[in-house]
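Residue-level listing of the chains:
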Amino acid sequence: NSFVARTNTCGELRSAHVGQEVTLYGWIQYQRQGLFLVLRDFQGLTQIIIPQDEAHSHVKKLLSNAPVESVVRVTGIVSPRPPGQENPKMPTGDIEVKAETAEILNSCKKLPFEIKDFIKKSEALRMQYRYLDLRSFQLQYNLRLRSQIVMRMREYLCNLHGFVDVETPTLFKRTPGGAKEFLVPSREAGKFYSLPQSPQQFKQLLMVGGLDRYFQVARCYRDEGSRPDRQPEFTQIDIEMSFVDQAGIQRLIEGLLQYSWPEERGCITTPFPSMTYEEALADYGTDKPDTRFGMKIVDISDFLRRSDIQFVQNALSYPRGTVKAICIPQGVRYFKNKDLESLKESAKSQFNQEIMEIICRPDGSLKSLLTKFLDEEQQSELIQALNMQVDDVVLLAAGEHKQVCSALGSLRLESADLLEASGLVLRDPMTFHFLWVVDFPLFLPKEENPAELESAHHPFTAPHPSDTSLLYSDPTKVRSQHYDLVLNGSEVGGGSIRIHSAKQQRFVLEKVLKEDSEVLSHLLEALEFGAPPHGGIALGLDRLISLVVDAPSIRDVIAFPKSFRGRDLMGSVPDYVTPEELEPYHIQVSWPLAEKEAKQN
C-alpha cells in the first residue's frame, strides 16, 4: 500500500486486524437493501456494513444509493462477523468493516453487462467494453499470472544465465517467404516499411555483433486474419545463442519453463520427450500431437497386403501407398450413426479421403464391408493388430501416406471431441504434456506449384549435418535443424540452428528458393564478417499462457486483443483517414463504388 492513500487492500483484512481503523478504495460489487455492500479491488473482496444510526445518516444515504460498480472510498473499523455469519469461501470472510465515513469517487452509469464471471456475454460485447471485461476475476487472474511468468523468465535468462534483453526495431523491411507482413507507408514515394513477423534477422545480427546471448519479450505482426489461437499482433519470448547446438537450446527451454512454471499448476518433469516429424505424422497424423490420450494411428498395410480387397491393393500400388486405422474405444456406446457419418464426411471434404468403419460386436465378431473379403482367421488377426475390444469402432483409410495420416489425425481429434461431449474425460486441461518434434523437412513443395520449393519454416534454418550434401543434389530429401515445442497438441515454440555461412545462405535463397537475395544483402554481408555458429527459439507467450490457464482463446490472456476478424471493436480500428492525411505518404485510396456511396451517406 505504499504510494497510495488506502491503508489496506480489499483482500488482506483478517481477524488479526479487528479493532483497527482502515481506509479502503474499490468498486461496489454488490449492495443489499441498504444494510451492507461488498467492496472489490484488484486483490479481493471485503464486506462493508452500512451504518443505520442517525449520526451516520449521510453515509447510509451515500452508500445505499450508489450504483453497482461505482468507485468509493470507505473508512471504518474492522469487526468480527457475528457468530454463524462467517463466509469460509471468502479469504476476508471472518471480518467486516463498519463504515464511519465514505466518499463516492465516481458514480457508474448503467452497465452493458454484469461484471461476473458466470454471466454469459457475447464476445463482441466483451471486446467493445474491454475495460469493463478486465474487471472480471478470470481476466485479472490471467493477466497477473502472465506477468508473474514473464518476470520469472526474465530472472532465469538474465540473472541466472547471462542473457541480454535487447529491443529490436518495429519498422524494417519485408522478409522473403513466411507469413504476410503489414506494410507501413513512408514519406518517400513508393517506399514502405514492414512490421516484422519476428525479430529473426535482428537476433542473428546480434550474434554477429558478439552479444552471445539475446532475449526479448517481442511484439510481432502477421497480416493473416485472426483465429482462436492467432492474432495479427502477438507476443513471443525470443531467444538466440551463439556456439550452441539443438540439445543446448532444448535444455535451456526446459529449464526456463520449469523455473517459471506456476506452482498451482503442479510440477513439470524434464527432459521433455522427443519424436521426429515422420514419427509424429505416422502415429498421430500431425506435427503437433496431443499425447494426453491414446488412439494412435496403426499401420495395417502388411497385414492387408495379402488380401484380395481391390481398393487396398490399388492404394498399396502407389509409391507411398498405405493402409492405416485408428481404434476408438467404446465408440459404439458413445457414437450415434450420424456421428460416424459426420466423421466420414469430414475426412472426405477436408482431405478427399474415403473412410471405412469396422465395429466389434458384443460376440466379438466384426461388422464391416471388409469382412466378406476376410476369413475368420484374418478377422481375428485384424482384431489383434488393432487391439480391438467389444464395442470399439475402427476407422480405416487407404491411400497416399501423408494424406491418410493427416485425415486419421484429424478424425482422432474429432472423435476425442465427441467422446468428451458424451462425458468421457480424455484430455485433462490440468495435465501438461510437453513434446519436442524434430527432424522436419527443410523444404516443402509449394501448394500452388509443387515443382517449386519453399522453406518449411524460414530460409535461415540450417540443414541437418547428415544431410548437408543432399542440399546441393536433392534438396527435397534434406532434413532441417528445426525443432518445435508442443504442449497438449498446440505448438508453443519453434526454433532452429541457423545457417551461419554466407555462401550456403545465398545458395538456399537463390538456387533452391529462387528468391531475390538482394532483399537480404545486409544479412548476407554480415555472415561474411566472422558470424559465429548460432541458434535460437521463440515461445508463443499468448498461446502458452492460454494453455496454462485453460482459456478457450488467446484473446482471454491479452489485455486488449483484436476480434476474430482482426478488428478492435472498442476503438473501431482499423478506421478511415482523410485524403489530406494520406497525401504526405503519396497514397490515394481507390474506393469500390458501393463502399464510396456508403461512406458518403
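The rules we used
Residues numbered from 1 in each chain as written. Predicted model: local features only at pLDDT ≥ 70, side-chain atom pairs only at ≥ 80, totals over all residues. Heavy atoms only, no water. UniProt positions renumbered as here; feature names shortened; annotations may be inferred. Pairing = 2+ DSSP bridges. Helix = DSSP H or I, 4+ residues; strand = E, 2+ residues; numbered from the N terminus. Contact = heavy atoms within 4.5 Å. Axes fitted to C-alpha atoms, helices over the stretch in contact; angles between N-to-C directions. Salt bridge = Lys/Arg side-chain N within 4 Å of Asp/Glu carboxyl O. Buried < 20%, exposed > 50% of the residue type's maximum accessible area, 1.4 Å probe, protein only. Phe/Tyr/Trp six-rings, centres within 6.5 Å; stacked < 30°, edge-to-face > 60°. Lys NZ or Arg CZ within 6 Å of the ring centre and 35° of its normal. Left-handed = near helix turned anticlockwise from the far one by under 90°. Nonpolar A, V, L, I, M, F, W, Y, C, P; charged D, E, K, R; others polar. Patch = residues over 30% accessible without salt bridge, like charges linked within 9 Å, V, L, I, M, F, W, Y side chains within 5 Å. Areas by Shrake-Rupley, 256 points an atom, 1.4 Å probe, with all protein chains shown as cover.

- Within an unreviewed UniProt entry, the label attached to the chain reads Aspartate--tRNA ligase, mitochondrial, and the organism entered is Eudyptes chrysocome.
- Within the UniProt record for the chain, the comment given under Sequence similarities (unreviewed entry) is "Belongs to the class-II aminoacyl-tRNA synthetase family. Type 1 subfamily."

## Some words on the sheet that holds strand S20 (residues 482–487)
Part 1 of the argument: Here we have eight strands laid out as an open sheet, ordered S6-S9-S10-S22-S21-S20-S17-S11, and mixed in their pairing. Edge strands, defined here as strands with exactly one partner in the open sheet, are strand S6 (164–165) and strand S11 (274–276).
Part 2 of the argument: In this sheet, strand S21 (residues 490–497) lies alongside S20 in antiparallel orientation, the contact comprising six bridges. When the sheet's bridge partners are listed, Asp484 is paired in S21 with Gly494.
Part 3 of the argument: Most of the contacts of helix H5 (residues 200–208) go to strand S10 (residues 233–242), to which it runs at about 25°, and overall it touches strand S9 (213–221), S10 and strand S22 (534–540).
Part 4 of the argument: With respect to the sheet, helix H6 (residues 246–260) is in contact with S10, strand S17 (434–438), S20, S21 and S22, its orientation differing from that of S22 by roughly 35°.

## Observations concerning the pattern of salt bridges
Part 1 of the argument: Per the stated rule, a full pass over the model turns up 33 salt bridges.
Part 2 of the argument: The partner of Arg306 in a salt bridge is Glu381, and the shortest N-O contact between them spans 3.1 Å. In this pair, Arg306 sits in the loop between helix H8 (301–304) and helix H9 (310–316) while Glu381 sits in helix H12 (residues 376–386), placing the two residues 75 residues apart along the sequence.
Part 3 of the argument: Take Glu381: its relative accessible area is 29%, and that puts it in the partly exposed class.
Part 4 of the argument: Between Arg506 and Glu510 there is a salt bridge whose closest N-O contact spans 3.9 Å. One end of the pair is Arg506 and the other is Glu510, both in helix H15 (residues 502–512) and four residues apart, which spans about a single turn.
Part 5 of the argument: For Glu510, a relative accessible area of 32% translates into the label partly exposed.
Part 6 of the argument: One continuous salt-bridge network, built from bridges that share partners, spans Arg126, Arg130, Asp133 and Asp556.

## Examining the packing of aromatic side chains
Part 1 of the argument: Considering all chains together, one arrives at eleven aromatic pairs under this definition.
Part 2 of the argument: Summarising the aromatic geometry, the rings of Phe137 and Tyr141 are spaced 6.2 Å apart at their centres and angled 20° between planes, so their arrangement reads as stacked. Of the two residues, Phe137 and Tyr141 are both situated in helix H4 (residues 137–161); the distance of four residues between them amounts to about one turn of the helix.
Part 3 of the argument: When its relative accessible area of 59% is taken as the criterion, Phe137 is described as exposed.
Part 4 of the argument: We classify Tyr141 as partly exposed; its relative accessible area is 24%.
Part 5 of the argument: Geometrically, the ring pair formed by Phe172 and Phe202 is tilted, given 4.4 Å between the ring centres and 55° between the ring planes. One end of the pair, Phe172, is in the loop between S6 and strand S7 (183–185); the other, Phe202, is in helix H5, with 30 residues separating them in the sequence.
Part 6 of the argument: Owing to a relative accessible area of 21%, Phe172 belongs among the partly exposed residues under this scheme.
Part 7 of the argument: Put simply, the rings of Trp261, Phe272, Phe432 and Phe434 pair up and form one aromatic cluster.
Part 8 of the argument: Sitting above the plane of the Tyr259 ring, Arg152 keeps its charged end 4.0 Å from the centroid.
Part 9 of the argument: A cation over a ring is seen here: Arg412 above Phe293, with NZ or CZ 3.8 Å from the ring centre.

## So, the side chain of Gln379
Part 1 of the argument: Positionally, Gln379 belongs in helix H12.
Part 2 of the argument: Judged by relative accessible area, which is 16%, Gln379 ranks as buried.
Part 3 of the argument: Look past the residues within four positions of Gln379 in its chain and what remains in contact with it is Leu366, Thr371 and Leu374.

## Quick notes on the packing of helix H11 (residues 337–351) against helix H13 (residues 401–421)
Part 1 of the argument: For the pair H11 and H13, the least separation of the axes is 10 Å and the interaxial angle reads 145°. Seen along the crossing, H11 lies across H13 with a hand that is right-handed. Facing Asp339, Leu343, Ser346, Ala347, Gln350 and Phe351 of H11, the residues of H13 in contact are Gln403, Ser406, Ala407, Ser410, Leu411, Glu414, Ser415 and Leu418.
Part 2 of the argument: Of the residues assigned to the contact of H11 with H13, the class counts are six nonpolar, six polar and two charged.

## Observations regarding a nonpolar patch on the surface
Part 1 of the argument: Side chains of Tyr131, Phe560 and Met570 sit close together on the surface and give an oily, nonpolar patch of about 300 Å² of accessible area.
Part 2 of the argument: Relative to the elements of secondary structure, Tyr131 occurs in helix H3 (residues 130–133).
Part 3 of the argument: Tyr131 gets classed as partly exposed once you look at its relative accessible area, which sits at 45%.

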